[in-house]
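Take a look at the letters that make up each chain.
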Amino acid sequence: DEAKQIVVSDIHDLEHPQTILETSLDFDVTLLSWSPRGNYLFYNHRSSHLQRLYVWDGTHTIHITPHELLNPAINAETVYVIQIHWSSQELLAFAVIQKVDDHHCQNYSYVWDSTNLYLLGEVNIRGWSEDGQLMVWHGDYNVQMVRLWDGKTFVDGQPRINPVTDLHIDSRVYSAVE
């Protein structure tokens, strides 16, 4: 088995780069994503029997795996991180999908704010606006509902996704016939 490594270097002085982090791994890292200001590095630790999500803050590794993925009965090979979005305020939004059977999947989206992990629910993440609003959508093939979270408002400890700004989008696909 070939050893895997993560090396993070400060390259402000190209002639003398400084190694900030160097670590050997006994697992695969399948996703890496820097926050916009470079203060955080999201990564996905994946092996055949487990999957864990982490954020490195330059000093510490922070375990942010949702409790739904910590269930030992869940086969790690059926779970995938499918979306990663950082806001300009360095909030992390990500979505995971789990294959339930050959015809069904479940997806869950989360927000991490450097302290806590919040479940957004069974929604898909579209992305952050420059002013810190998160757009999510959910629905079926006929009707999709788009909602916004302002990145700040919480109700009962959970992000308040504004139901007043629902936009209903007809998602039928039209094609031109030549």
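The residue numbering used here restarts from 1 in each chain and proceeds along that chain's sequence as written. Owing to the predicted nature of the model, reporting of local features is limited to residues with pLDDT of at least 70; listing and counting of side-chain atom pairs is limited to 80 or more, with chain, interface and lining totals taken over all residues. Excluded from the side-chain calculation are hydrogens and water; included are all heavy atoms of the structure.

Each residue carries a pLDDT score, the predictor's own confidence in it, on a scale running from 0 to 100. Overall, the predicted model of the protein reaches an average pLDDT of 79, with 79% of residues at or above 70. pLDDT under 50 marks residues 174–178. Its contacts with residues more than four places away, or in other chains, come to 0 contacts. Should any heavy atoms of two residues lie within 4.5 Å, those residues are considered in contact.

With that out of the way, let us pick up the packing of aromatic side chains. Here a ring pair, both rings aromatic, is described through the centre-centre distance and the interplanar angle of the planes. Pairing of aromatic rings covers Phe, Tyr and the six-membered ring of Trp, with a centre-to-centre limit of 6.5 Å; geometry is then stacked below 30 degrees between planes, edge-to-face above 60, and tilted otherwise. A complete count under the given rule lists 9 aromatic pairs for this structure. Here the aromatic rings of Tyr 43 and Tyr 54 are separated by 5.4 Å at their centres, their planes lie at 25°, and the arrangement is stacked. Of the two residues, Tyr 43 is situated in strand β4 (residues 41–46) and Tyr 54 in strand β5 (residues 51–56); the sequence distance between them amounts to 11 residues. Ring pairs connect the aromatic residues Tyr 118, Trp 128, Trp 149 and Phe 154, which therefore count as one cluster. Note on conventions: DSSP H or I runs of at least 4 residues are helices, E runs of at least 2 residues are strands, and numbering of each starts at the N terminus.

A few words now on the layout of surface pockets. Here the term cavity refers to a set of points on a 1 Å grid, laid over the protein atoms alone, in which a 1.4 Å probe fits but cannot get out; the term pocket refers to an open set having protein on both sides within 12 Å along at least five of seven lines, with lining residues being those that place an atom within 4 Å of a point. Grid points are joined across faces, edges and corners, and a volume is the space filled by probe spheres set on the points. The space that makes up the second largest pocket amounts to roughly 190 Å³. Taken together, 14 residues form the lining of the second largest pocket, with Val 8, Ser 9, Ile 20, Trp 34 and Gly 38 sitting closest to its centre. The element contributing the most residues to the lining of the second largest pocket is strand β1 (residues 4–10), with 3 residues. Per-class residue counts for the lining of the second largest pocket are 7 nonpolar, 5 polar and 2 charged. Gly is put with the polar residues, along with every residue not named as nonpolar or charged; the nonpolar set is Ala, Val, Leu, Ile, Met, Phe, Trp, Tyr, Cys and Pro, and the charged set is Asp, Glu, Lys and Arg.

With that settled, the discussion passes to the sheet that holds strand β7 (residues 79–86). Here a strand pair is declared whenever DSSP counts at least two bridges between the two strands. Taken together, the 4 strands give an open sheet; going across it, the order is β7-β8-β9-β10, and neighbouring strands pair in antiparallel fashion. The open sheet has two edge strands with one neighbour each: β7 and β10 (117–121). On average, each strand axis in the sheet is tilted by 25° relative to the strand beside it, whichever way the strands run. The sheet contact formed by strand β9 (residues 104–112) and β10 spans 4 bridges and is antiparallel. Bridging across to β10, Ser 109 finds its partner in Gly 121. Orientation is described by axes fitted as lines to C-alpha atoms, over the contacting stretch for helices, and by angles from 0 to 180 degrees between their N-to-C directions.

Right, let's get into the nonpolar core. Side-chain atoms within 4.5 Å are what join buried Ala, Val, Leu, Ile, Met, Phe, Trp, Tyr and Cys residues into a set we call a nonpolar core. Exposed residues in this analysis have more than 50% of their type's maximum accessible area, buried residues have under 20%, and partly exposed residues fall in between, with area computed by a 1.4 Å probe over protein chains only. By size, the foremost hydrophobic cluster in this structure holds 15 residues, and its most contacted members are Phe 42, Ile 64 and Leu 92. Elements with a minimum of two residues in this core: β5, β7, β8 (92–101) and β9. With near-sequence residues (within four places) excluded, Leu 92 lies in contact with Phe 42, Val 55, Ile 64, Ile 84, His 85, Trp 86, Tyr 110, Val 111 and Trp 112. Leu 91, Ile 125, Trp 128 and Val 136 belong to the second-largest nonpolar core, a separate cluster that totals 12 residues.

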